[in-house]
Amino acid sequence: MVSRTIPVDSFDLVLFGATGDLAARKILPSLYRRFQAGQMPGDARIIGAARSDLTDDDFRTSVRKAIDAFVSEAKKDKATIDAFVAQCCYIPIDAKGTGGWKELKKAVRDDVVKAFYFSVAPAIFGDLADRLRSNGIACDNSRLVVEKPFGTDLETARALNDSLAASFDETQIYRIDHFLGKETVQNLMAVRFANVLFEPLWNERYIDHVQITVAETVGVGGRGSYYDTSGAMRDMVQNHLMQLLCLTAMEPPNQFDPDRLRDEKLKVIRSLDPVEPGDVVRGQYKAGSEGPSYAEDSENPDSRTESFVALKVGISNWRWKHTPFYLRTGKRMARRHSEIVVQFKDTPHSIFDRDGTSKANALTIRLQPDEGIDLAVTIKEPGPGGMRLTTVPLDMTFADALGGEEEIPDAYERLIMDVIRGNQTLFMRGDEVEAAWAWTDPIIQGWEARGDKPNLYAQGSSGPEEALALLHRDHRRWRDLEG
């Protein structure tokens, strides 16, 4: 399969935090891959900005190192790298002062798309936005990209929204969640809304429950001090898992339009039931052969921060009233695995004997690794000897569908190009972020008020036993992470 690459208009992208880890791991390699694919114009420019006092050549050297470390060998080409690096330059910037802003104003062009990427701590979002506007650098058609965490609760999220709104219109702000840039997540919308096969069944009458899992094998490691002020609920559920839930549960928008799609996601968030104390399980990984405990990683022996959380979530609307959504995410799990499982109900009556009873159908959307979609269906097992049934997957693994010849683009590649195009479809709106925090805050406040301690779980497992019981009591079970 040959992918279609549509070039974008010329642009200047100013990358604040250009010397940081995210810039090296994701942003710069993604821009390089889009350049190599012919999508980035030859006169587009990446302007690095940070506190470090670097020269253009210093920055270009760091760009080369990022490409060397985080781009596959198949995508590396010296001539292409040289051409890409030549389009990069650097300006030292004082986010809270006056240094560098005059130089930045001279560097950016007024006749091209101007995008400002804040790959920095949220505490300086407002300062940067204010200086971009007050120095006449940003204009009405400029775009602003901000990374999570977007607040730590409803109050701080509102304060961040207000600080950005003082300098930029909501139509200019792109709150990035890289999960929304994944091919499989976008295909979830295509499967639902472009195929008559699924949409009539996409409701509580036919679907027994939905599982959303984002499991990681890594611990908090060097992020321990940050993570201990966040935890799995703030770091993953409020944003990543919430977005996956919304795309799975939302009503079809009447058009594939950014605001109409985000209107439907917002309706889902506002329909979420409050989570009862018995419907949330928190965990913390303990020491094992794989590594130190969470308490040791975070250097806080008395920490009550969760590295794992599982929830049973209800949605009070006609489509989903009796269908629970089970969410879980955790560190130091059995394997790195992210998926959405739509578990259909059993057939109302089996015409086969007891030994040949079929299993219920399940649609699985795999986000990572091996992005793809499969549908478990029941067929007759080949051979004589009666009607023996077995379950087989109808599997569409994207790598196979592409013939193994092309890499699936990283989520950041799609999202950054959407910023340049001015397409906000895959970005969170301010009211959406605030609604998510309004639902999340009472859950966190509840366990803090009760003084709940997280349950310990073994590294390399599926999480604490209490999370298994969350489904067992409903006569259901999680998809196995250890198999």
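Shown above is the structure to which this text applies.
Everything in this summary refers to the structure shown in the same document.

Definitions and limits used
Residues numbered from 1 in each chain as written. Predicted model: local features only at pLDDT ≥ 70, side-chain atom pairs only at ≥ 80, totals over all residues. Heavy atoms only, no water. Helix = DSSP H or I, 4+ residues; strand = E, 2+ residues; numbered from the N terminus. Expected span 1.5 Å × (residues − 1). Bend = angle between axes of the 7 residues up to and from the residue. Pairing = 2+ DSSP bridges. Axes fitted to C-alpha atoms, helices over the stretch in contact; angles between N-to-C directions. Contact = heavy atoms within 4.5 Å. Salt bridge = Lys/Arg side-chain N within 4 Å of Asp/Glu carboxyl O. Buried < 20%, exposed > 50% of the residue type's maximum accessible area, 1.4 Å probe, protein only. Arc of directions from axis to C-beta. Parallel < 35°, antiparallel > 145°, perpendicular 65-115°, else oblique. Left-handed = near helix turned anticlockwise from the far one by under 90°. Nonpolar A, V, L, I, M, F, W, Y, C, P; charged D, E, K, R; others polar. Right-handed = clockwise from strand over helix to strand, strands pointing away. 1 Å grid on protein atoms, 1.4 Å probe; cavity = no way out; pocket = protein on both sides within 12 Å on 5 of 7 lines; lining within 4 Å. Points joined across faces, edges and corners; volume = space filled by probe spheres on them.

## Brief notes about helix α14 (residues 430–450)
Here is step 1: Here α14 is 21 residues long and its end C-alpha atoms lie 31 Å apart, about the 30 Å a rise of 1.5 Å per residue gives.
Here is step 2: Roughly 25 degrees is the biggest bend found in α14, and it falls at Thr 440, with proline Pro 442 one to four residues downstream.
Here is step 3: The positive-phi residue at the C-terminal boundary of α14 is Gly 451, with phi of around 70 degrees.

## Re the sheet that holds strand β6 (residues 173–175)
As a general point, the strands of a sheet are linked pairwise by backbone hydrogen bonds and lie either parallel or antiparallel.
Here is step 1: Taken in spatial order, the six strands of this open sheet run β3-β2-β1-β4-β5-β6, and their pairing is parallel. Taken across any chain shown, the strands that pair with only one partner, and hence form the sheet edges, are β3 (88–92) and β6. The average angle at which neighbouring strand axes cross in this sheet is 20 degrees, direction not considered.
Here is step 2: Lying over the sheet, helix α2 (residues 56–70) contacts β2 (45–50) and β3, oriented at roughly 120 degrees with respect to β3.

## Let's talk about the pattern of salt bridges
Here is step 1: By the definition in use, this model includes 39 salt bridges.
Here is step 2: Between Asp 127 and Arg 131 there is a salt bridge, with the nearest N and O atoms lying 3.8 Å from each other. Of this pair, Asp 127 and Arg 131 both sit in helix α5 (residues 125–134), separated by four residues, roughly a single helical turn.
Here is step 3: The exposure class of Arg 131 is buried, given its relative accessible area of 17%.
Here is step 4: With a closest N to O distance of 3.9 Å, Asp 140 and Arg 133 form a salt bridge.
Here is step 5: Shared partners join several salt bridges into a network, and the residues in it are Asp 259, Arg 262, Asp 263, Arg 429 and Asp 431.

## Observations concerning α2
Note: α-helices contain 3.6 residues per turn, so residues at a spacing of three or four share the same orientation.
Here is step 1: Over its 15 residues, α2 runs 21 Å from end to end, which matches the ideal 21 Å to within 8%, given 1.5 Å per residue.
Here is step 2: Along α2, the residues classified as buried are Phe 59, Val 63, Ala 66 and Ile 67. Seen from one end, α2 has its buried residues packed into an arc of 95 degrees, which puts them on one side. The exposed residues of α2 that point more than 90 degrees off its buried face are Asp 57, Lys 65, Asp 68 and Ala 69.
Here is step 3: Looking at the buried positions of α2, the neighbouring elements they touch are α1 (21–36), β2, α3 (78–86) and β3.

## Looking at the packing of α2 against α3
Here is step 1: Two numbers describe how α2 lies on α3: the axes approach to 10 Å, and their chain directions differ by 140 degrees. Viewed along their axes, α2 and α3 adopt a mutual orientation that is oblique. Considering the relative orientation of α2 and α3, their crossing is right-handed. Contacts between α2 and α3 involve Arg 60, Val 63, Arg 64 and Ile 67 on the former and, on the latter, Ile 81, Asp 82, Phe 84, Val 85 and Ala 86.
Here is step 2: Its residues assigned to classes, the contact of α2 with α3 comprises six nonpolar, no polar and three charged.

## Describing the pairing of strand β5 (residues 143–146)
Here is step 1: Alternating positions in β5 separate into two faces, Arg 143 and Val 145 on one and Leu 144 and Val 146 on the other, with burial throughout.
Here is step 2: Between strand β4 (residues 113–118) and its parallel partner β5, the chain crosses via α5, and the hand of that crossover is right-handed.
Here is step 3: Bridge count for β5 against β6 is three bridges, and the pairing is parallel. Counterpart to Val 145 in the pairing with β6 is Tyr 174.
Here is step 4: This β-α-β element, β5 to helix α6 (residues 154–165) to β6, shows right-handed connectivity.

## Examining the pairing of strand β13 (residues 372–380)
Here is step 1: Bridge count for strand β12 (residues 362–368) against β13 is five bridges, and the pairing is antiparallel. The partner of Ala 362 across the bridge, within β13, is Ala 376.

## Focus: the packing of α1 against helix α13 (residues 411–421)
In helix packing, the relevant descriptors are the interaxial angle and the interaxial distance, both defined with respect to the helix axes.
Here is step 1: One can describe the packing of α1 onto α13 by two numbers: an axis separation of 8 Å at closest approach and a directional angle of 70 degrees. The angle between the axes of α1 and α13 places the two elements in the roughly perpendicular class. Where α1 approaches α13, its residues Leu 22, Lys 26, Ile 27, Ser 30, Leu 31, Arg 33 and Arg 34 are matched on the opposing element by Tyr 412, Glu 413, Ile 416 and Met 417.
Here is step 2: Grouping the amino acids of the contact of α1 with α13 by side-chain chemistry returns six nonpolar, one polar and four charged.

## Quick notes on empty space enclosed by the protein
Here is step 1: Evaluated as defined, the whole model comprises one cavity of 30 Å³ or more.
Here is step 2: Forming the walls of the largest cavity are Lys 148, Pro 149, Phe 150, Gly 151, Arg 234, Gln 238, Asn 239, Met 428, Val 433 and Trp 437.
Here is step 3: No other element matches the three residues that helix α9 (residues 231–249) contributes to the lining of the largest cavity.
Here is step 4: Residues belonging to the lining of the largest cavity are distributed by class as follows: five nonpolar, three polar and two charged.

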